[in-house]
Amino acid sequence: MKRNNFLRSLFAAAIMFSSAAYAQVSVMLPANPGGGWDGTGRQAFNAMNKAGIYTGPVNFTNKGGAGGTIGLAEFQNTQTGKPNALAVFGAITVGAITLNKSPIDLSKFKPVARLTAEYLVIAVRPDSPYQNLGDFVKALKENPGGTPVGGGSAGGVDHIALALLAQAGNVPVKDLNYIPQAGGADTVTGIVNGTLKAGISGISEFQQFAKSNRVKILGITSAQRMEGLDAPTFKEAGFDVEIANWRGILGAPEMPEDNYKLWVDRFTQLNNSKEWKQVLETQGWDQFFLAGPEFGTFMEKESERINTILKDAGLAQ
């Protein structure tokens with residue numbers, strides 16, 4: 001009898017452990033379906049499932065707007081203290097918090113993992129008079145208002161990259177005619193129909209259109225040339241600009257410490273898995289991994305850097 005009671009207790013404990021390990025996960029995707037953050041979250045958990053790292057249920061919520069601050073504010077208000085509540089975010093959010101005067105405080109969230117980086121490119125029509133990045137910057141300097149450039153959210157990493165390029169080319173940032181677009185496809189449409197003189201976005205947004213000769217890429221913001229891309233870096237072209245659109249995972253504010261460590265470990269395993277490496281290759285994302293407190297330190301420094309750029313560029317007070 002005692003042995004049976006012991007076995008029943010052991011079985012019950014195993015069930016409780018299994019339930020805790022595979023309780024439903026809630027993931028906030030603070031953007032509309034189909035974008036980079038949406039893809040990062042869904043692809044990460046799909047790869048995690050295939051690798052056997054986490055195979056339980058996942059509930060995704062899309063809530064776009066204002067550079068991710070609307071979805072992240074909802075996440076902060078409704079998921080604080082939850083053990084399995086995560087959110088995707090990135091470099092865009094940092095500037096958007098400042099520009100939208102959002103009450104979000106990133107230091108209150110749990111820094112789980114920085115996953116990917118995507119470098120930015122400037123693209124124009126194939127028949128554009130701008131043969132290289134120097135030609136484009138010259139036109140920008142001569143007539144900034146008459147050189148409309150499309151990209152992501154105002155104050156986001158696209159906008160910041162253009163502001164840095166303008167500063168490097170002695171173009172007053174306040175005179176730029178930057179027009180936020182709903183997505184990369186809209187930016188390409190604007191370039192092709194001539195309402196935009198150029199567009200700036202992540203390489204994955206433009207590369208397929210460059211391959212089909214709908215747009216021409218003038219330069220990329222990486223430190224070295226990208227394999228398979230026939231375009232110089234901004235630095236090669238004479239403009240000292242290097243910036244990446246990184247994406248990562250946050251845990252809910254006040255997430256229990258045991259759960260936090262578990263998720264840091266799971267994403268570390270994901271980063272080392274062949275399933276995730278396949279995703280990176282397929283999506284054209286660069287591996288840019290940093291986990292736990294080290295990611296928290298990076299977030300703090302990145303917030304300071306991006307906000308300084310916004311202020312220096314006259315985009316924020």
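Values in this document were obtained by computation on a predicted structure and should not be read as measured data.

1. A short note on the packing of helix α2 (residues 36-50) against helix α10 (residues 274-283)
Angle between the axes and distance between the axes are the two parameters that describe a pair of packed helices.
Logical step 1: Contact geometry for α2 and α10: axes closest at 8 Å, N-to-C directions at 145°. The two elements α2 and α10 meet at a crossing, and its hand is right-handed. Only Glu 275, Trp 276, Val 279 and Gln 283 of α10 make contact with α2, whose side of the interface consists of Gln 43, Ala 44, Ala 47 and Lys 50.
Logical step 2: The residue makeup of the contact of α2 with α10, split by class, is 4 nonpolar, 2 polar and 2 charged.

2. Looking at the pairing of strand β1 (residues 25-29)
Working note: regular strand, side chains alternate between the two faces of the sheet.
Logical step 1: With 4 of its 5 residues buried, β1 lies for the most part within the structure.
Logical step 2: Here β1 runs beside strand β2 (residues 58-62); their pairing, made up of 5 bridges, is parallel. In the sheet register, Val 27 faces β2, and the bridge partner there is Phe 60.
Logical step 3: Between the parallel pair β1 and β2, the chain is carried across by α2, and the sense of this crossover is right-handed.

3. So, the packing of aromatic side chains
Logical step 1: Evaluation of the coordinates by the stated rule reveals 15 aromatic pairs.
Logical step 2: Three or more aromatic residues joined by ring pairs form one cluster here, namely Phe 45, Tyr 54, Phe 60, Trp 263 and Phe 267.
Logical step 3: Between the NZ or CZ atom of Lys 110 and the centre of the ring of Tyr 260, over which it lies, the distance is 5.3 Å.
Logical step 4: If you follow Arg 114 out to its NZ or CZ, it ends over the ring of Phe 288, 3.6 Å from the centre.

4. What about the layout of surface pockets?
Logical step 1: Volume-wise, the largest pocket comes out at about 950 Å³.
Logical step 2: What lines the largest pocket is a set of 39 residues, among which Gly 35, Gly 36, Ala 182, Gly 183 and Glu 205 lie closest to the centre.
Logical step 3: Where the lining of the largest pocket is concerned, the elements lending two or more residues are α2, α6 (157-168), α7 (184-193), β7 (198-202), α8 (203-211), β9 (244-251) and α10.
Logical step 4: Considering every element that reaches the lining of the largest pocket, the biggest residue donor is α2, with 4 residues.
Logical step 5: Counted by class, the lining of the largest pocket contains 10 nonpolar, 25 polar and 4 charged residues.
Logical step 6: The calculated volume of the second largest pocket comes to roughly 230 Å³.
Logical step 7: Taken together, 14 residues form the lining of the second largest pocket, with Leu 106, Ser 107, Met 299, Glu 300 and Ser 303 sitting closest to its centre.
Logical step 8: Looking at the lining of the second largest pocket element by element, the count peaks at 5 residues for helix α11 (residues 292-312).

5. Quick notes on the pattern of salt bridges
Logical step 1: Applying the stated rule across the entire model yields 11 salt bridges.
Logical step 2: Between Asp 175 and Lys 174 there is a salt bridge, and its shortest N-O distance comes to 3.3 Å.
Logical step 3: On the basis of relative accessibility, which here comes to 32%, the residue Asp 175 falls in the partly exposed class.
Logical step 4: Accessibility expressed as a relative area gives 70% for Lys 174, which makes it exposed.
Logical step 5: As a salt-bridge pair, Glu 242 and Lys 235 come within 3.4 Å of each other at their nearest N and O atoms.
Logical step 6: Note on Glu 242: relative accessible area 37%, which makes it partly exposed.
Logical step 7: Residue classification places Lys 235 among the partly exposed positions, given a relative accessible area of 39%.
Logical step 8: Here the residues in one salt-bridge network are Lys 235, Asp 240 and Glu 242, joined through shared partners.

6. Regarding the side chain of Gln 76
Logical step 1: The residue Gln 76 is located in helix α3 (residues 69-79) in this model.
Logical step 2: In this structure Gln 76 comes out as buried when scored by relative accessible area, which is 17%.
Logical step 3: The contact partners of Gln 76, leaving out residues within four places of it in the chain, are Pro 103, Ile 104, Asp 105, Phe 109 and Pro 253.

Cut-offs used in this document
- Residues numbered from 1 in each chain as written.
- Predicted model: local features only at pLDDT ≥ 70, side-chain atom pairs only at ≥ 80, totals over all residues.
- Heavy atoms only, no water.
- Axes fitted to C-alpha atoms, helices over the stretch in contact; angles between N-to-C directions.
- Helix = DSSP H or I, 4+ residues; strand = E, 2+ residues; numbered from the N terminus.
- Left-handed = near helix turned anticlockwise from the far one by under 90°.
- Contact = heavy atoms within 4.5 Å.
- Nonpolar A, V, L, I, M, F, W, Y, C, P; charged D, E, K, R; others polar.
- Buried < 20%, exposed > 50% of the residue type's maximum accessible area, 1.4 Å probe, protein only.
- Pairing = 2+ DSSP bridges.
- Right-handed = clockwise from strand over helix to strand, strands pointing away.
- Phe/Tyr/Trp six-rings, centres within 6.5 Å; stacked < 30°, edge-to-face > 60°.
- Lys NZ or Arg CZ within 6 Å of the ring centre and 35° of its normal.
- 1 Å grid on protein atoms, 1.4 Å probe; cavity = no way out; pocket = protein on both sides within 12 Å on 5 of 7 lines; lining within 4 Å.
- Points joined across faces, edges and corners; volume = space filled by probe spheres on them.
- Salt bridge = Lys/Arg side-chain N within 4 Å of Asp/Glu carboxyl O.

Nothing here speaks to function; it is all geometry.
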